[in-house]
Amino acid sequence: MTQAQDLQGREQEIAANLAAVEERISAACAAAGRKRGDVTLIVVTKTYPASDVRILSGLGVRHVAENRDQDAAPKAAACSDLPLTWHFVGQLQTNKVRSVVGYADVVQSVDRARLVTALSKEAVRAERELGCLIQVAFDADVEEGAGRGDRGGVGPGGVEELAGLVAEAPGLRLDGLMTVAPLTGTYAGRQQAAFERLMDLSTHLRVAHPAANMVSAGMSSDLEQAVAAGATHVRVGTAVLGVRPGLG
Ligand SMILES: *Cc1c(COP(=O)(O)O)cnc(C)c1O
């Protein structure tokens, strides 16, 4: 096969997957009595090439997400001509913050004060306004406290303080909350309960921060539960692009 035929085959594959995911989101919205327009699809493009991002953009996708700066930075640079909003959803070390602020529009994984300070400093330096979501962890070892989860995130008890720091930090905009369904603890295997808990935290957060109304929850395997719970953004990788080789 020629390269052009390869790309065309890949485009057809992604288009079919995207249509199936669209169908799932629409059905979940209908079941929950929500409007389709109330839920935004973010396609998680981690481990997949810039050519896939370009195909997604051509198919009308407007939000993409990445979780590793090393992978994301060159991809975002190669796709800088596309009308895309870039979300960073991975655990973020402070030494990667300068790079991430160079291309990310929203960082969904804000989970500690030191990261807020670093993001603020670099956003100001770059003269950008960066959207921030507080990542909430519901794992066994955090539960209701303010500790940090295995895959990042602050416990529910730490959300309010961190949100206050983001809201006051120059260069940052507090957009809302994000979670990844936990594998351990009282919420393990109970994704919808975890997402409903995130919605409760969001309702509470919006009393002090009315504009922070993004609720990012749900992936390929549990987007229906997230939509049922009230998520405004779902982050879908595998169901659109295929099973990732190795970890990711
Ligand atoms: C990889 C990833 C996703 C997408 O997961 P899939 O199961 O591939 O849909 C969503 N959120 C985060 C934070 C991720 O790292």
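In what follows, the accompanying structure is described. The structure presented is a predicted model; accordingly, all values stated were derived computationally and were not measured. (Residues numbered from 1 in each chain as written. Predicted model: local features only at pLDDT ≥ 70, side-chain atom pairs only at ≥ 80, totals over all residues. Heavy atoms only, no water.)

Side note on the packing of aromatic side chains
Where we set the bar: Aromatic pairs are defined between Phe, Tyr and Trp rings, using the six-membered ring for Trp, whenever the two ring centres lie within 6.5 Å; interplanar angles under 30 degrees are classed as stacked, those over 60 as edge-to-face, and all others as tilted. Numbering goes from the N terminus for both helices and strands, where a helix is a DSSP run of H or I of at least four residues and a strand is a run of E of at least two. Working definition: with a 1.4 Å probe on protein chains only, accessible area under 20% of the residue-type maximum means buried, over 50% means exposed, and in between means partly exposed.
Inspection of every chain in the model, using the stated rule, returns 1 aromatic pair. Seen from their ring centres, Phe 138 and Tyr 187 are 5.4 Å apart, and the 65° between their planes marks the pair as edge-to-face. Linking Phe 138 in the loop between β5 (130-136) and α6 (159-168) with Tyr 187 in the loop between β6 (172-179) and α7 (191-208), this pair joins segments that are 49 residues apart in sequence. For the pair shown, Phe 138 and Tyr 187 are each scored as buried.

Some details on α7
Heads up, the rule is: Helix span, as expected, comes to 1.5 Å for every residue beyond the first.
Its 18 residues give α7 an end-to-end C-alpha distance of 27 Å, which sits within 8% of 26 Å, the value for a rise of 1.5 Å per residue. Ala 194, Phe 195, Arg 197, Leu 198, Met 199, Leu 201, Ser 202 and Leu 205 are the residues of α7 that are buried.

Focus on helix α5 (residues 113-125)
Filter applied, for reference: Here a residue-residue contact requires only that any non-hydrogen atoms of the pair lie within 4.5 Å.
Helix length check: α5, at 13 residues, gives a terminal C-alpha distance of 19 Å against a target of 18 Å (1.5 Å per residue), a fit within 8%. Residues Leu 115, Val 116, Ala 118, Leu 119, Ser 120, Glu 122 and Ala 123 constitute the buried set of α5. On its buried face, α5 sits against α4 (97-101), β4 (106-110), β5, α6 and β6. Looking at the residues trailing α5, positive phi occurs at Glu 127, about 55°.

A short note on the side chain of Ser 216
Basically, it comes down to this: A 3.5 Å cut-off defines polar contacts: any pair of N or O atoms within that distance qualifies, except that in protein one atom must be a possible hydrogen donor and the other a possible acceptor, and neighbouring residues in sequence count only when both atoms are side-chain atoms.
If you trace the backbone, Ser 216 turns up in strand β7 (residues 214-216). A distance of 2.9 Å separates a polar atom in the side chain of Ser 216 from a polar atom in the side chain of Arg 235. The contacts of Ser 216, once residues within four sequence positions are left out, are Gln 108, Leu 133, Leu 177, Met 178, Thr 179, Leu 198, His 233 and Arg 235.

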